[in-house]
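This is what each chain is made of:
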Amino acid sequence: MKHIFASLICTGLLSLSAFNATAATDTILTPADYVSTLCGSLSDHSFSTGNTYPAIALPWGMNTWTPMTSKTGDGWAYKYQEHFITGFKQTHQPSPWINDYAQFIIMPLRDIAMHPENKRASAFSHKAETAKPYYYSVYLPDHDLTVEITPTERAAVIRITYPESTTSGFVVDAFSANATLSSKDGVITGTTDNNHGGVPQNFTNYFIVKSSKAFSSFKTVGDEAVAGFKSTARGEQVTLYVASSFISASQAEINLREVEGLSFDEVCSAAKDRWNEVLGRIEIEGGTLEQMKTFYSCLYRATMFPRKFHEIDENGHILHYSPYDGKVHKGTMYTDNGYWDVFRALFPLVNLVYPEMGTEMLESFAHVAEENEFLPEWASPGHRQCMIGNNSASIVADGILKGLSNLSPEETQTLYNTILYGTEHVHPTVKSSGRLGHEFYNSIGYVPCDTGIKESVARTLEYSYNDWCIMKMAEKLGRPEKEVLTFAERAQNYRNVFDKETSLMRGRLKDGSFETPFSPYKWGGVFTEGNAWHYTWSVFHDVEGLVDLMGGRGNFTKMLDSLFVVPPIYDDSYYGSRIHEITEMQVAAMGNYAHGNQPAQHVIYLYDYALQPWKAQEWARRVMDQLYSSTPDAYCGDEDNGQTSAWYIFSALGFYPVCPASGNYMLGSPLFKHATVHLRNGKDIVIDAPDNSAGTPYVQSMKLNGRNYTRNFVTYEDLIGGARISVRMSDKPNTGRGVTPDSLPARD
């Protein structure tokens, strides 16, 4: 049955609608079978249910392919609600707000006269569309042909089933005024340089398209190459082998070897095997079909980014073109990530479940440090102007403190020095790299809101956490005591923007007074895509300190409770109109809690610090049940490079990294009756909750490795050596468990 099912998918004989019908009655045999790549694609500029596209790729693969329903260049390349496909493109887009680079489009045609972008589109139906990570297929009635795509890391195979025609062919659209296109012996080669920033002047993507059927005609029209066949018979299949490189045309030919000599079905089967290998690191049992599909669709998203930007030469050496200095260097390079989003849960997930990837990503940071003066805070592929904070420090610290580094002492020192440099400098052209406002933050202990620097409170809070991460690295690396103390002191700077009168974080002027007037519902201004209710909790590294500032656990708990019951009112005066994140908060029906954006995603787990863990259990389960699904409107806001998915993965396992670099995971409510995390070291984390059901979100009791366990957290050390967590679930909260201070991590 397993091999038959895989064959049906790879040969395009089983549509997604047929898959869903089968899934309702039969057992789905592999993790990849549960995944829908359409999750989150029912989105647009004004309302996000993920802002994703159906990515056809391998885990962390350099190149991704996607169908397009929009004009070339539109960040919302594929929208589920649209009815026309305009092409199939190589993409590297991490977010519609960042947009794409090195994209080129292939569109098969019944008549090559239809090659212009305004003529080539075809209607399509989701009923004739199959969307899996390793395989995509769709019927295009206006051309009467079927397109199938299957990926490797740097190449893809596109199989086209043509109608009877004497005018059929395909177009390759390089989408660049500087494009070069040529053809020889049925092979199209070209270059494109389209981008939206973050690249040196010599940035180029070299691509190659090899056809199994000879062309009878070839012409270039602007940045398009149009290849025609003498004729095609009805049902005739033509295979295109496609690859690209950021290094050179010859390297693109080397990358094409990933698919040369292989059939479409062989590549598809290998791609599915790779996905099952990666997704299969976590096995789950005892959930509903919908929960299984949601879980593995989230894990798929969480293993897409950051993507590889390195290549392998003919001698097997790893090389990368640097988006930082424009040169080719040895070693790994990863990119297409916004660290403001993903430091929270995505990298902790990678470091726990896929540490071999975490090690490579840490190496990549070291290479970035060697190639320029700053680590990026948004990379796509190089420095991009987006978001705030210095959260690359959190990611590096999490890897180093978990022992994932195999860097030399010299490489480690260069990386650490680059992080230090960023605490006192700002990138000359990309102000989100480094620390905007560092002069004030390092001298008076906060970024004032009256100096022309926007998002001043959010910056202060994130710099404070980042400094705690640097302090932990400094301790690990044996740095001088004075240096450690400097960052330990700065890690307390969050206190300088806390207003005791409101028990909320608040903008502060240079003279020390608080900003007036003050509305806790005002989005933006001194905050980033949020308000005071969301950002007050951004003290990941010293929650106990925040408890003290609020006057104790009683008021701390009252403020937490208020977040979920305060009506979803808002003040959008800073933006001038309601941004999509505000709408997504409102419709979630959870008060002012905004799970659709990252600043508040950890807040539920602060109930563990309130010594009321049953509320963390209740809210974690409610968010999983209400705000996630496996449908095209899967998410409650932007999915953001795996971060929102990683929240679900951790929460479904029953724990979450509130403070990533601490090695502590706060406890919540496991979703499945049984889950096993297969660690890279051969050990397993086993979570048993046999009483689990929709009506039993509460933890009645827990055992760790056979012993009663009453704490509200587990540690990395508890897990990495293998662990068995046994949980007895209940429909009623146990208000006597986890209620004493010794239930919490030691204060650092």
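To be clear, the structure that these remarks concern was listed above.
Below, the structure is looked at part by part. (Residues numbered from 1 in each chain as written. Predicted model: local features only at pLDDT ≥ 70, side-chain atom pairs only at ≥ 80, totals over all residues. Heavy atoms only, no water.)

1. Observations concerning the packing of aromatic side chains
To describe a pair of aromatic rings, one takes the distance between the centres and the angle between the planes.
Stage number 1. Applying the stated criterion across every chain, the model contains 46 aromatic pairs.
Stage number 2. Centre to centre, the rings of Y162 and F229 are 5.7 Å apart; their planes meet at 85°, and the pair counts as edge-to-face. Of this pair, Y162 sits in the loop between strand 9 (155–161) and strand 10 (169–173) while F229 sits in the loop between strand 15 (224–228) and strand 16 (237–245), and the two are 67 residues apart along the sequence. F229 shares its class with Y162; the two are buried. (Phe/Tyr/Trp six-rings, centres within 6.5 Å; stacked < 30°, edge-to-face > 60°. Helix = DSSP H or I, 4+ residues; strand = E, 2+ residues; numbered from the N terminus. Buried < 20%, exposed > 50% of the residue type's maximum accessible area, 1.4 Å probe, protein only.)

2. Details of helix 5 (residues 264–279)
Stage number 1. Counted at 1.5 Å a residue, the expected span for helix 5 with its 16 residues is 22 Å, and the 22 Å between its end C-alpha atoms agrees.
Stage number 2. Those residues of helix 5 that fall on the buried side of the exposure criterion are F264, V267, C268, A271, K272, W275, N276, V278 and L279. (Expected span 1.5 Å × (residues − 1).)

3. Thoughts on the side chain of E455
Stage number 1. Within the element layout of this structure, E455 appears in the loop between helix 12 (438–444) and helix 13 (456–476).
Stage number 2. A relative accessible area of 18% means that E455 is categorised as buried.
Stage number 3. When residues no more than four places from it in sequence are discounted, the contact partners of E455 are I388, G525, V526, F527 and T528. (Contact = heavy atoms within 4.5 Å.)

4. Examining the sheet that holds strand 27 (residues 655–656)
Stage number 1. Spatial strand order, 27-28-33: 3 strands in an open sheet with antiparallel pairing. At either end of the open sheet lies a strand with only one pairing partner, and these are strand 27 and strand 33 (713–715).
Stage number 2. Here strand 27 pairs with strand 28 (residues 664–667) via 2 bridges, running antiparallel. Note on strand 28: the bridge partner recorded for Y656 is M666. (Pairing = 2+ DSSP bridges.)

5. What about empty space enclosed by the protein?
Stage number 1. By the definition in use, this model includes 10 cavities of 30 Å³ or more.
Stage number 2. Each pocket or cavity is described by its volume, and for the largest cavity that value is around 130 Å³.
Stage number 3. What lines the largest cavity is a set of 16 residues, and nearest its centre among them are N51, T52, P94, F305 and E639.
Stage number 4. Residues belonging to the lining of the largest cavity are distributed by class as follows: 6 nonpolar, 6 polar and 4 charged.
Stage number 5. Taken as a whole, the second largest cavity spans an internal volume of roughly 110 Å³.
Stage number 6. Lining the second largest cavity are 16 residues, and of these G654, L667, G668, P670 and M702 lie nearest its centre.
Stage number 7. Of all the secondary-structure elements, those providing two or more residues to the lining of the second largest cavity are helix 19 (613–627), strand 31 (698–704) and strand 34 (723–730). (1 Å grid on protein atoms, 1.4 Å probe; cavity = no way out; pocket = protein on both sides within 12 Å on 5 of 7 lines; lining within 4 Å. Points joined across faces, edges and corners; volume = space filled by probe spheres on them. Nonpolar A, V, L, I, M, F, W, Y, C, P; charged D, E, K, R; others polar.)

6. Topic: the state of the cysteines
Stage number 1. Following the criterion strictly, the structure yields 0 disulfides and no others.
Stage number 2. We note that C386 lacks a disulfide partner, and the nearest cysteine sulfur, in C636, lies 19 Å from it. (Disulfide = S-S within 2.5 Å.)

Nothing here speaks to function; it is geometry throughout.
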